[in-house]
Amino acid sequence: SIPFDGHELIFFFEVYPNGNVSLEELRASCKLGFRAKYLKGIAEAIVSGECPTMNELSATSFKEAKEALMRFNGIGEYTAEFSLPHPERFPLDVWSIKILWRLLFPTRPMPTSASAIGEVRQEAEDRWGKWRGYAFIYILNDTAHL
């Protein structure tokens, strides 16, 4: 985390996988439901060294790093982009697209999600270029209190 503009911005997660946690415990205690098997599989890949480290991901292009993460069962485009240490990432899902649409196009009604995602991605690229990932993190942290 870093202090910026009166806020503490949190950039990446730290993973402390525990191989002794059962899928049932993850489902029940952490309320992960069907996602528990994905989290456990990814945690096992991190522990075994199969999953690339942040340093390894940083050393590759955005596209290569995203593809490397999406090889793992349960990691789609949004999760891969959200997890990458590249400043050009701009992960959008049904939650973030609503926030970003209102921020970037405050007077326009939001079209379908698929259309809105394309427009928001383009606007982010036009406004922030290769630094759009940092803008995303700032916006995410700034709106977390709303």
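Please read all numbers here as calculations on a predicted model, not as lab measurements.

### Some words on the packing of aromatic side chains
With the rule as written, the count across this model stands at 7 aromatic pairs. Ring geometry for Trp-101 and Phe-105: centres 4.3 Å apart, planes at 45°, overall tilted. A residue is classified by how much of its surface remains accessible, and Trp-101, at 2% relative accessible area, is buried. In this structure Phe-105 comes out as buried when scored by relative accessible area, which is 12%. Pairing Trp-131 with Tyr-134 gives two aromatic rings, centres 5.8 Å apart and planes at 15°, and the pair type is stacked. Within the aromatic cluster, the residues linked to one another by ring pairs are Tyr-78, Phe-82, Phe-90, Trp-128 and Phe-136.

### So, the nonpolar core
In this structure, Phe-90, Leu-92, Leu-100, Val-120 and Phe-136 are the most contacted members of the largest nonpolar core, which totals 15 residues. Elements that contribute at least two residues to this core include exactly helix 6 (94-104), helix 7 (113-128) and helix 8 (132-143). Among the elements that line this core, the one with the most residues is helix 6, at 5 residues. What Val-120 contacts, discounting residues up to four positions off in sequence, is Phe-90, Leu-92, Ile-97, Leu-100, Trp-101, Leu-104 and Phe-105. Judged by nonpolar contacts, the second largest core, of 12 residues, contains Cys-51, Ala-65, Ala-68 and Leu-69.

Definitions and limits used
Residues numbered from 1 in each chain as written. Predicted model: local features only at pLDDT ≥ 70, side-chain atom pairs only at ≥ 80, totals over all residues. Heavy atoms only, no water. Phe/Tyr/Trp six-rings, centres within 6.5 Å; stacked < 30°, edge-to-face > 60°. Buried < 20%, exposed > 50% of the residue type's maximum accessible area, 1.4 Å probe, protein only. Core = buried A, V, L, I, M, F, W, Y, C linked by side-chain atoms within 4.5 Å. Helix = DSSP H or I, 4+ residues; strand = E, 2+ residues; numbered from the N terminus. Contact = heavy atoms within 4.5 Å.

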